[in-house]
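# Observations on the model geometry
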Amino acid sequence: MAAEPARSREPDRQPATPEEDVPPVSAPDDVLRVEHIAKRFGPVTALRDVNVHLRKGEVLGLLGDNGAGKSTLIKIISGFQKQDSGQMFLHGQPYVPKSVDDARAKGVDTVYQDLALIDELSVYHNLFLRRERLLRPLPVLNNREMKREARRALDEIGINIPRIDVSVARLSGGQRQAIAVARSVNSASDILLLDEPLAAMGAKEGAQILDLVARLKEEGRVSIIMILHNYEQVFLACDRVSMIQDGAIVLDKPTSETSVQELTEIVVNEYRRAREEQQASAAAAEESAKAAAAGESPSDGASPQP
Amino acid sequence: MASVAQDPASREPGGPGGSAHSRRALPGWREIGGRVIALREGSIIVITIVTAIYFSANTSTFFTGENFKTLLPYFAPFAILAAGEVFVMILGEIDLSIAGMYLFAPIIFDKLNTSVGLPLVPAVIVALLVCMVVGAINGVFVSIVGLSSFVVTLGMLFTFEGLSLIISKGTPVATPGGQPPLGTFGKVFGGGTYSELIWAVAIVVILQVVLTFTRWGLYTVAIGSNKLGAAEAGVRVNLVMIRNFTLCALTGGLVGIFEAVRSATVQPNPAGPNEILFLAIAAAVIGGTLLTGGSGTVVGALIGALFLGILKDGLILQGVQANYLLFYTGLAVIVAMTANVFVGRVRRGQTRGG
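Residues numbered from 1 in each chain as written. Chains lettered and ligands numbered in written order. Predicted model: local features only at pLDDT ≥ 70, side-chain atom pairs only at ≥ 80, totals over all residues.

This paragraph deals with the overall build of chain A. In terms of helices and strands, chain A carries ten helices and ten strands. Taking all 306 residues of chain A together, 40% fall into the buried category. (Helix = DSSP H or I, 4+ residues; strand = E, 2+ residues; numbered from the N terminus. Buried ≥ 20, exposed ≤ 12 C-beta atoms within 10 Å, placed from the backbone.)

As structure tokens, this is what we get:
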């Protein structure tokens, strides 16, 4: 049922996005493949049919309007939510994360948009949350080692946090985001999912994060999927861009083959199409209401009134 | 408030030593004062010391070993209850059912011993296990079903106080092992003079270590501070919540048995346990644990309980009429909390500046 309207709409979009709804060609060096993922929340369809792939060492920018389904997709890949249908493959093997922990154990780590930082905990406890170092064989936290490693990791990444034993509540939005990113970078994961890593950041702090992403790309160890809002940042940081619209991928191109203009056009066209559709359906509703009123059975006539 | 506490201390070394000496000594005391205030428990430590000094100065009998023994039952049981409650309150939840456990545990303990024929220690263990199961059920209702902890534990409170009335048929129960002359069991489980104090200190130390230095404690704070964030980071929120409610119920049952042994009888009357419940919560809050969650300290709860104990004991020694006791306690709690906020502001100002 969900796929039906998608196909009917296809001709409208043809000029802007010829690749629409075509499963991506799987390259042999794909570290992650997401195929035909769908997810509903009650009556709301968040994802209809999403195909995404990620090559090794690549930075993929994920674009899309608010509510298009970007965050849902990230949450499914990161093991926080389960898809209703569709499959995922990690290094060619079926990938079914049972939990965030499980996904992380498989090398997929996430920085969330709603900043999964814990205000009341210190910087280094946040960096090591769920990866705490213990004073084995005692089940006691090895705070000294965590502090030392945290300091080293932050220095390596080039993020300036003066004190790592203060609670993160005291830090600026940018610093918090930087720590959230550092947490994932610091892990042994080879796939990083960054959900709006540049939200709530000043220009300088944003540049720091983009530099960090660039450095990671150079190293070539990790592959990154990044949700972004700002198109210019996409062209600065990403190798390839996928655009989600209305729960499906409508564009998948290397950044070198597309432009801010093309991306903007897709969004604007979609907005116009949606508005026309809305108007059409509103008109249809009005029509049917009128028809009902004209047919006037007393119970029907009363209902559209309020 | 802070300066009042520091003054007598800073005068002491400065007095006989001359001005040069005192100038050198002063920053040391100031530093210590600053450190104390920088602690989360700092404000209540200061307030408790001031209260103790006040009663010592105004009554000749307060600062005596004999009075210390009188003071013990006024705070040791509350310290244990508050310690468990802190673990639930840091989550941003509350457990009212501990009063139910407090009443139910000794009654079921008596039944297990006298009717079922279990020896004393196994009977205590089984009674406490029952409490822990109830706590786990609280945790399941709050974390998995998603009900408000206030509602769930209030329901449990009534249920188990009611069950206690049904099982005991409303008549007082003579606590097994609590009858004179006390055996080893009675002396260990609340009957000995220092029994509850030792339990309280041991439990508080252990739980504070758990809270500060283990993953369990870290996750407890994490959930109370940012539940969704903790879940996204991979913390098993439900598990931690169930565990903390279980712990809290356990402390409720444990203190119930201690108090039953100490007083040799169990009065199946919910009024007493209910008052104890609220004093325990007051102790935790006064000690610096937030009702909104995310922050708390077990040691603070112990000191909060000590403050309430000193207050009650001191007021009695001052000859305050029994009828006025609750009234003064109420006012003092409000004054202490206000002072707490004030000292807390000083503290935050200090740590922010430094």
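The helix and strand tally for chain B stands at 14 helices and two strands. Residues counted as buried form 48% of the 354 residues belonging to chain B. Pairs at least 24 residues apart make up 77% of the contacts formed inside chain B by residues separated by at least 6 positions. (Contact = placed C-beta atoms within 7 Å.)

One finds M226 of chain A together with A79, A82, A83, A280, A283 and L302 of chain B to be the most contacted residues of the largest nonpolar core, which totals 177 residues. Broken down by element, this core gets its largest block of residues, 14 residues, from helix α11 (residues 237-263) of chain B. (Core = buried A, V, L, I, M, F, W, Y, C linked by C-beta atoms within 7 Å.)

With that settled, the discussion passes to the pairing of strand β2 (residues 44-55) of chain A. Residue and element names in this part refer to chain A. When strand β1 (residues 30-41) meets β2, the two strands line up antiparallel, connected through eight bridges. The residue of β2 that forms the bridge with R40 is T45. Between β1 and β2, which pair antiparallel one after the other, the connecting turn spans two residues, and G42 there sits at a positive phi close to 55°. (Pairing = 2+ DSSP bridges.)

Attention shifts here to the packing of helix α9 (residues 215-225) of chain B against α11 of chain B. All names here are of chain B. Between α9 and α11, whose axes approach to 10 Å, the crossing angle comes to 105°. Taken together, α9 and α11 sit at an angle that is classed as roughly perpendicular. The segment α9 lies against α11, with W216, Y219, T220 and I223 engaging V237, V240, M241 and N244. Taken together, the residues of the contact of α9 with α11 break down into six nonpolar, two polar and no charged. (Axes fitted to C-alpha atoms, helices over the stretch in contact; angles between N-to-C directions. Parallel < 35°, antiparallel > 145°, perpendicular 65-115°, else oblique. Nonpolar A, V, L, I, M, F, W, Y, C, P; charged D, E, K, R; others polar.)

Further remarks concern the packing of helix α5 (residues 143-157) of chain A against helix α6 (residues 173-186) of chain A. Residue and element names in this part refer to chain A. In the contact formed by α5 and α6, the axes pass within 10 Å of each other and the chain directions differ by 105°. In terms of axis orientation, α5 runs roughly perpendicular to α6. Seen from α5, the contacting residues are A153, L154 and I157; seen from α6, they are A182, V185 and N186. Residues of the contact of α5 with α6, tallied by class, amount to five nonpolar, one polar and no charged.

Turning to the interface of chain B and chain A, a few remarks are in order. Contacts between chain B and chain A engage 17 residues on the former and 21 residues on the latter. Of all the secondary structure elements, the ones that give two or more residues to the side of chain B that touches chain A are α9 and α10 (227-232) of chain B. Ranked by the residues each element gives to the side of chain B that touches chain A, the list is headed by α9 of chain B, at five residues. For the side of chain B that touches chain A, the residue count by class is eight nonpolar, seven polar and two charged.

Bringing helix α8 (residues 195-213) of chain B into the picture now. An α-helix turns once every 3.6 residues. As a result, residues three or four positions apart point the same way. All names here are of chain B. Here α8 spans 27 Å end to end across 19 residues, near enough to the 27 Å set by a 1.5 Å rise per residue. Of the positions making up α8, those classed as buried are S195, E196, W199, A200, I203, V204, L207 and L211. Buried residues of α8, viewed axially, fall in a sector of 140°; they line one side. Across from the buried face of α8, at angles greater than 90 degrees, the exposed residues are I198, A202 and I206. (Expected span 1.5 Å × (residues − 1). Arc of directions from axis to C-beta.)

Let us look at unusual backbone geometry. All names here are of chain A. For the bond from R136 to P137, the omega torsion is 5°, close enough to zero to count as cis. By secondary structure assignment, the location of P137 is in the loop between α4 (123-127) and α5. Not every positive phi belongs to a glycine, and D246 is a case in point at roughly 55°. Turning to its location among the elements, D246 is positioned in the loop between β9 (240-245) and β10 (248-254). We classify D246 as partly exposed; it has 19 C-beta atoms within 10 Å.

Residue and element names in this part refer to chain A. For chain A, per-residue confidence averages 81 on the pLDDT scale, and residues scoring 70 or more make up 86% of the total. Note that residues 1-24 has pLDDT below 50 and, in this model, 30 contacts with residues that lie over four places away or in other chains. Here residues 298-306 is a poorly scored stretch, pLDDT under 50, and it has six contacts once near neighbours within four places are set aside; other chains count. (pLDDT = per-residue confidence, 0-100.)

Let us now look at the confidence of the model for chain B. Residue and element names in this part refer to chain B. With 87% of its residues at a pLDDT of 70 or more, chain B shows a mean pLDDT of 87. The model gives residues 1-25 a pLDDT under 50, and that stretch makes 26 contacts with residues more than four places away or in other chains. Across the interfaces of the predicted complex, the ipTM metric reaches 0.79, alongside a pTM of 0.77.

Next up on the list: helix α3 (residues 65-90) of chain B. Residue and element names in this part refer to chain B. Taking 1.5 Å per residue as the helical rise, α3 with its 26 residues ought to reach 38 Å, and the 35 Å between its terminal C-alpha atoms agrees with that figure. In the structure, α3 departs most strongly from a straight axis at L72, where the bend amounts to approximately 40° and where the proline P73 lies between one and four residues downstream. A positive backbone phi angle near 90° is found at G92, which sits one or two residues after α3. (Bend = angle between axes of the 7 residues up to and from the residue.)

Residues and elements named next belong to chain A. The buried fraction of β9 is high, at five of six residues. Pairing geometry for strand β3 (residues 59-63) and β9, over four bridges, is parallel. Bridging across to β9, L63 finds its partner in M243. The pairing of β9 with β10 spans six bridges and is antiparallel. For R240, the partnering residue across the bridge sits in β10 and is P254. Here β9 hands over to β10 after two residues, with D246 in that stretch at a positive phi of 55°.

Residue and element names in this part refer to chain B. Mapping V88 onto the fold places it in helix α3. With 208 residues separating them in the primary sequence, V88 and G296 have C-alpha atoms 9.9 Å apart. Excluding anything up to four places from it in sequence, V88 contacts E93, I94, D95, N244, F245 and C248.

The next subject is the environment of L193 of chain A. Residues and elements named next belong to chain A. Within the secondary structure layout, L193 lies in strand β7 (residues 191-195). We classify L193 as buried; it has 27 C-beta atoms within 10 Å. Contacts of L193, omitting those with residues within four sequence positions, involve I74, I77, S78, V108, T110 and I225.

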